[in-house]
Amino acid sequence: MIVVLYLVLGAAAGLIAGLFGVGGGLIIVPALIFSFNLQDLSPLVLTQVAIGTSLATIIFTSLSSIKTHHSKGAIDWSLVKRLTFGIVIGAVLGSIFADYLPGETLQMIIGIYALIVAVQMGLNLKPKAEHELPTGAGLSVAGGIIGAISALFGIGGGSLTVPYLSWCRVEMRNAVATSSACGLPIAVAGMCTYVITGWNNPELPEYSLGYIYLPAFFGIIITSTVFAKQGAKLAHSLPSHILKRYFALLLLGVGSKFIFF
């Protein structure tokens, strides 16, 4: 049953990653925390393992989504390059900070963030396109904030990058595609840091590479890469606002679970 859960989780995360540009981590992390509780993983490392494993899987969903969005010419690669330096620094710092937080505190923060994203998606709140893209260090700072928060929560950053780029007058189609590309440096930098910070931790289960739990990682990526392609295709052909409302309800339940129960 655990193996089936990882396969289904990978399919759902991949579809969401391609469709909404949110990397799938908002689904993967809560589901892994639930799964790891069933497996009686140590509460001292359970949340960090869920986050680190999520970031590792996002590498593959990002690559799959990037390929599809790039084929449609929707990714602004010059913008990705300008954001990447800050993203990498922020992701490393966010991952290190997560290692020092108790698991319960991390879950509470993740729950609050899930509720915020649920409200934003459910009500379709969008920032007004009234700001110009910053030049020079401004984009690096923005990338740093996005990278740090994303690595702390185990997400690809789409729920942050897409609104930010929209606010900076980037057309929504390009914002989603560019966000998918930005998820790759977030995931790589975050994963590497979670491997290092969790190395030789005695509380980790067997088959772990730092805070990456390899059985969950492989189970998820088997299906996530396939479904990420389908999600990216659907993003260009389906009205996603109705699906976003259902996704918002799911996040509302996740956030409430972490905060109140």
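Residues numbered from 1 in each chain as written. Predicted model: local features only at pLDDT ≥ 70, side-chain atom pairs only at ≥ 80, totals over all residues. Heavy atoms only, no water.

We now examine the overall build of the protein chain. When its secondary structure is counted, the protein chain shows 10 helices and 2 strands. Traced from its N-terminal end to its C-terminal end, the protein chain shows the element sequence α-α-α-α-α-α-α-α-β-β-α-α. Across its three principal directions, the C-alpha atoms of the protein chain cover 50 × 35 × 35 Å. When the 261 residues of the protein chain are sorted by exposure, 53% land in the buried category. Sequence-distant contacts in the protein chain: of pairs separated by 6 or more residues, those separated by 24 or more amount to 81%. Here the protein chain displays about 11600 Å² of accessible surface, and carbon together with sulfur accounts for 70% of that area. For the protein chain, the distance from the average site of its 13 positive side-chain charges to the average site of its 9 negative ones is 18 Å. (Helix = DSSP H or I, 4+ residues; strand = E, 2+ residues; numbered from the N terminus. Buried < 20%, exposed > 50% of the residue type's maximum accessible area, 1.4 Å probe, protein only. Contact = heavy atoms within 4.5 Å. Areas by Shrake-Rupley, 256 points an atom, 1.4 Å probe, with all protein chains shown as cover. Lys, Arg positive; Asp, Glu negative; His and termini not counted. Charge placed at Lys NZ, Arg CZ, Asp CG, Glu CD.)

Two numbers describe a pair of aromatic rings. These are the distance of the centres and the angle of the planes. With the rule as written, the count across this model stands at 6 aromatic pairs. Both rings, one in Phe36 and one in Tyr213, keep their centres 5.6 Å apart while their planes meet at 85°; by these two values the pair is edge-to-face. Here the residue Phe36 occupies a position in helix α2 (residues 25-38), and Tyr213 occupies one in strand β2 (residues 212-213), the gap between them amounting to 177 residues. Aromatic pair Tyr113 and Phe153: ring centres 4.7 Å apart, planes at 35°, arrangement tilted. Placement of the pair is Tyr113 in helix α5 (residues 103-122) and Phe153 in helix α6 (residues 137-153), with a sequence separation of 40 residues. Judged on exposure class, the residue Tyr113 and its partner Phe153 are both buried. Members of the aromatic cluster, each reached through a chain of ring pairs, are Phe60, Phe217 and Phe218. (Phe/Tyr/Trp six-rings, centres within 6.5 Å; stacked < 30°, edge-to-face > 60°.)

This part is about the state of the cysteines. The full count for this structure, using the stated rule, is 0 disulfides. Not engaged in a disulfide, the cysteine Cys182 finds its nearest cysteine sulfur in Cys168; these two sulfurs lie 12 Å apart. (Disulfide = S-S within 2.5 Å.)

For the rest of this paragraph, the subject is the side chain of Thr223. Take Thr223: it is sitting in helix α9 (residues 214-235). Its relative accessible area of 16% is what places Thr223 among the buried residues.

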